[in-house]
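# Topology and contacts: notes
Listed below, chain by chain, are the residues.
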Amino acid sequence: MTTELCMLMWSVVLGLVQIVIAASGSVSQRGLAWAASARDGEAKALTGVPARLCRASSNFLETFPLFAVAVLLAMALNRHTGLTVLGAQLYFWTRLVYMPVYAAGIPYLRTLVWAGSIAGIALVLGALF
């Protein structure tokens, strides 16, 4: 398995972990009854760390499809280069630290880490041109 595909696989695992963490934070404020319900009507707004965990998870879900498509295109086009390896690793490692940084409420570092993940996607895409 190439490094890029390995990073893609671990990013899937990371995404699942982040969904579980965000859901746990949601249940801690909204309760198990709400989580198990049909969720009709307005949900109680999340606050604090659970709200940040939910936003971080949503942010991962926004960037992951772009990363996955870029990696799969690179593999399909046989564009395995130092840029694709670096980009895939940069994406994974920055996404790994994004949720804890966001949960801690560190605004400028959070933005820098997010930008690193976007740069990782851009590096993989750059190898396609």
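Remember, predicted model here, so these are calculated numbers, not experimental data.

Parameters and conventions
- Residues numbered from 1 in each chain as written.
- Predicted model: local features only at pLDDT ≥ 70, side-chain atom pairs only at ≥ 80, totals over all residues.
- Heavy atoms only, no water.
- Axes fitted to C-alpha atoms, helices over the stretch in contact; angles between N-to-C directions.
- Helix = DSSP H or I, 4+ residues; strand = E, 2+ residues; numbered from the N terminus.
- Parallel < 35°, antiparallel > 145°, perpendicular 65-115°, else oblique.
- Left-handed = near helix turned anticlockwise from the far one by under 90°.
- Contact = heavy atoms within 4.5 Å.
- Nonpolar A, V, L, I, M, F, W, Y, C, P; charged D, E, K, R; others polar.
- Phe/Tyr/Trp six-rings, centres within 6.5 Å; stacked < 30°, edge-to-face > 60°.
- Buried < 20%, exposed > 50% of the residue type's maximum accessible area, 1.4 Å probe, protein only.
- 1 Å grid on protein atoms, 1.4 Å probe; cavity = no way out; pocket = protein on both sides within 12 Å on 5 of 7 lines; lining within 4 Å.
- Points joined across faces, edges and corners; volume = space filled by probe spheres on them.

Moving on to the packing of helix α1 (residues 3-30) against helix α4 (residues 82-104). One way to put it is that α1 packs onto α4 with a least axis distance of 9 Å and a crossing angle of 15°. The angle between α1 and α4 falls in the class roughly parallel. For the crossing formed where α1 meets α4, the hand is left-handed. From α1, T3, E4, M7, W10, S11, L14, Q18 and I21 reach across to α4, where they touch T84, V85, A88, Q89, Y91, F92, W93, R95, L96 and M99. Tallied by class, residues from the contact of α1 with α4 come to 11 nonpolar, five polar and two charged.

For the structure shown, the criterion picks out four aromatic pairs. Between F67 and Y91, the ring centres sit 4.0 Å apart and the planes meet at 15°, which makes this aromatic pair stacked. Highlighted residues: F67 in helix α3 (residues 48-76) and Y91 in helix α4, separated in sequence by 24 residues. On the basis of relative accessible area, F67 is assigned to the buried category, the value being 0%.

In this structure, the largest pocket spans a volume of roughly 200 Å³. Elements with a contribution of two residues or more to the lining of the largest pocket: α1, α2 (32-36) and α3. When residues of the lining of the largest pocket are assigned to their parent elements, the largest contribution, six residues, is made by α1.

Of note in this structure, N78 is not a glycine but carries a positive phi near 55°. Structurally, the position occupied by N78 is in the loop between α3 and α4.

The next subject is the packing of α3 against helix α5 (residues 107-126). Orientation of α3 relative to α5, taken along the N-to-C sense of each, is 20°, at an axis distance of 9 Å. Classified by the angle their axes make, α3 and α5 are roughly parallel. Between α3 and α5 lies a crossing whose hand is left-handed. The segment α3 lies against α5, with N59, T63, L66, F67, A70, V71 and A74 engaging W114, I118, I121, V124 and L125. Residue composition of the contact of α3 with α5, grouped by class: 10 nonpolar, two polar and no charged.

Before going further, it helps to examine the side chain of S11. Relative to the helices and strands, S11 is located in helix α1. Beyond its immediate sequence surroundings of up to four residues, S11 is in contact with F60, F64, F67, Y91 and F92.

All right, on to the environment of I106 then. Looking at the secondary structure, you find I106 in the loop between α4 and α5. Sequence separation between I106 and V20 is 86 residues, and the spatial gap between their C-alpha atoms is 22 Å.

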